[in-house]
Amino acid sequence: MNTFQGISASGGIAKGNAFLLPVYTRQGVNKYPVAPDTVDADWTRFEKAREKTLEYFQSLIDQTNSRQAAIFQTYVLMLSDPDFLGQLKKEHTEQSVCIEWVVDNKAREYAGMLRSSGDSYLIERAEDILDVYGKVIDNLIGDIQVSCESIPEGAILAARFLSPSDAVFLSKKHLAAVILDKGAANSHLAILARTYGIPLIFGIEDIENRIHTGDGLIVDGSNGTVFVNPDKKTSTEYDKKIAGDAAEREKLAVFSSKAARTKDGISVKIYANIGSAEEARIALEEGADGIGLFRTEFLFMQSGLISEERQFEEYRSVLEIMKDKPVVIRTLDAGGDKIVDIPGFSFKEEKNPLLGCRAIRLCLKMSALFKTQLRALLRAGVYGSLKIMLPLITDAEQIRQTKILIEEVKTELQSKNIPFNADVPLGIMIETPAAAIMADELAKEAAFFSIGSNDLTQYGLCVDRENAQTAGLFNELHPAIRRFIVQTAKAAQEADIPLSVCGEMAADKARMLVLMSAGINSFSVSPKKIASLKECLSHFTAEQIEALKDWTESPMDADVLQEKMNIFLSGDHARGSV
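Below, the structure is looked at part by part. (Residues numbered from 1 in each chain as written. Predicted model: local features only at pLDDT ≥ 70, side-chain atom pairs only at ≥ 80, totals over all residues. Heavy atoms only, no water.)

**Some remarks on the sheet that holds strand β2 (residues 7-10)**
Part 1 of the reasoning: The eight strands are arranged β1-β8-β7-β3-β4-β5-β6-β2 in an open sheet whose pairing can be described as mixed. Unpaired on one side and paired on the other, β1 (2-5) and β2 mark the two borders of the sheet. Pairwise comparison of adjacent strand axes, ignoring direction, gives a mean angle of 25 degrees for this sheet.
Part 2 of the reasoning: Across the sheet, helix α9 (residues 232-253) is in contact with β3 (13-20), β7 (216-220) and β8 (225-228); its angle to β3 comes to roughly 115 degrees. (Pairing = 2+ DSSP bridges. Helix = DSSP H or I, 4+ residues; strand = E, 2+ residues; numbered from the N terminus. Axes fitted to C-alpha atoms, helices over the stretch in contact; angles between N-to-C directions. Contact = heavy atoms within 4.5 Å.)

**Considering the packing of helix α3 (residues 82-95) against helix α4 (residues 99-115)**
Axes are the key here: two packed helices are described by the angle between their axes and the distance separating the axes.
Part 1 of the reasoning: At their nearest, the axes of α3 and α4 sit 10 Å apart, and the two run at 130 degrees to each other. When the axes of α3 and α4 are compared, the pair comes out oblique. Between α3 and α4 the crossing geometry is right-handed. Facing α3, whose interface residues are Phe84, Gln87, Leu88, Glu91, His92 and Gln95, α4 presents Ile99, Trp101, Val102, Val103, Asn105, Lys106, Ala107 and Tyr110.
Part 2 of the reasoning: For the contact of α3 with α4, the class distribution of residues is eight nonpolar, four polar and two charged. (Parallel < 35°, antiparallel > 145°, perpendicular 65-115°, else oblique. Left-handed = near helix turned anticlockwise from the far one by under 90°. Nonpolar A, V, L, I, M, F, W, Y, C, P; charged D, E, K, R; others polar.)

**Overview of the packing of aromatic side chains**
Part 1 of the reasoning: Evaluated as defined, the whole model comprises nine aromatic pairs.
Part 2 of the reasoning: Pairing Trp43 with Phe46 gives two aromatic rings, centres 4.8 Å apart and planes at 45 degrees, and the pair type is tilted. Taken together, the positions of Trp43 and Phe46, both in helix α1 (residues 39-60) and three residues apart, correspond to about one turn of that helix.
Part 3 of the reasoning: With a relative accessible area of 0%, Phe46 lands in the buried category.
Part 4 of the reasoning: Ring geometry for Phe84 versus Tyr110: centroids 5.5 Å apart, planes at 65 degrees, classification edge-to-face. Here Phe84 is found in helix α3, whereas its partner Tyr110 is found in helix α4, with 26 residues between them in sequence. With respect to class, Phe84 is no different from Tyr110; both count as buried.
Part 5 of the reasoning: One aromatic cluster is present, formed by Tyr56, Phe57 and Tyr75 through successive ring pairs. (Phe/Tyr/Trp six-rings, centres within 6.5 Å; stacked < 30°, edge-to-face > 60°. Buried < 20%, exposed > 50% of the residue type's maximum accessible area, 1.4 Å probe, protein only.)

Nothing here speaks to function; it is all geometry.
Printed below as a string of structure tokens:
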């Protein structure tokens, strides 16, 4: 038996035989000139390839699976994006070079911007762009990928890399699991794997030499372990775990349709963090009470200076999907490490980009860009329960300046008789020490607060969690961060404004209970976390959770508090008291 350790992107356990997918290598794209009188014909060749790719993705859409359908409908939209297509046509005409080189160059350019953002969500969207337009290039140059028809039903697929579109085709084979060399936890491939309930592990280096077709495998998606040709003891042990996991999934499925409540019936709101309309559908299916954070930066990073109409359509789609449920849309959080291709504006290299011209600072500096987004938001507000949220607030004046711009936008819309919602609440992210310390003053200007625990911890502890040398210091339970949170909660309560937490801290059961002990009863998390949080809540009374307050407000070390919370969450304590 050989054991390999990877990184889990989709949980669950599977047993079966391996099928090693041969490595597919896309042909290189050569750059060659196109005569001016043949530019139109070359563009027509692109349109035919694009239409063929559209038909391919449309054929993959399974209307009985809303998550899968949402993802591939987004791919169809990428192929029909007028802004991106306009940029392709402009460069193709001006440079007079072959269209496949223009497509490849532009797709890689946008993917590069997304990868340099430092945001894991946006980094994974880079792969989507390369996948979509890579298929167009394949159709342009006549490249055909390796056929997957020979994969046996129920196999465990081993491959160096899979694109999301490959994965949905392979799902028709009812795969038991997928193991890869290259992958990521936030990719659409991972979303699809979770959708189908397929364990997925990536990071198995040199996979083609370690795993062979026909090998017996056990894939443990809970910890990223792969057992090759396991011994009898390991096999028996995992048979029991598989049976236990099946029972757990059945238990959690019930909570998707239930309201989040404590054991004694106290209501708690659990919203979803999303980055697109497709994820709003997933959130609804998972039982979200609404959208607590809709990140809009991906729209801009994908298409640069995105039009008001395009933004309006995207925001309206999310609001219509969620119907009467609240939707909090965060304004553009770009700049610094998230570079957006905006004509007429040049981003200067900054020594400390996360402390530079980004988020609300960038938007107030570029008021025309900001007002375009605000117009789209107010117009979309007619179609649902919209709230607007500002990122990286450090001073009340930033809120007041935004309110002035909103009033200007309202006047412009009124003068053109364009319908809009004039009463959209304006709230802010509490994600800097300045905001937490001045929360009582900010509450006089903001309609609601949302604590961004990821950035609050990063800024509060001066820790770069992406830096391997300091990542171990990143801990939301640090007493300083707890003190920021408690202070913010008290300010919100005194001002009688809503408060939620939308960082990863809220998605952890123990840390959610710590937050609740500080008086917070509203959270926004990844859609896939909602059911497990609801299940956790059902074990505790409000009194038990409130009793944690002394721990939360004490200077207790983070590790000590974590250990106490682990004990509290254990079976016996879940039925007792602190």
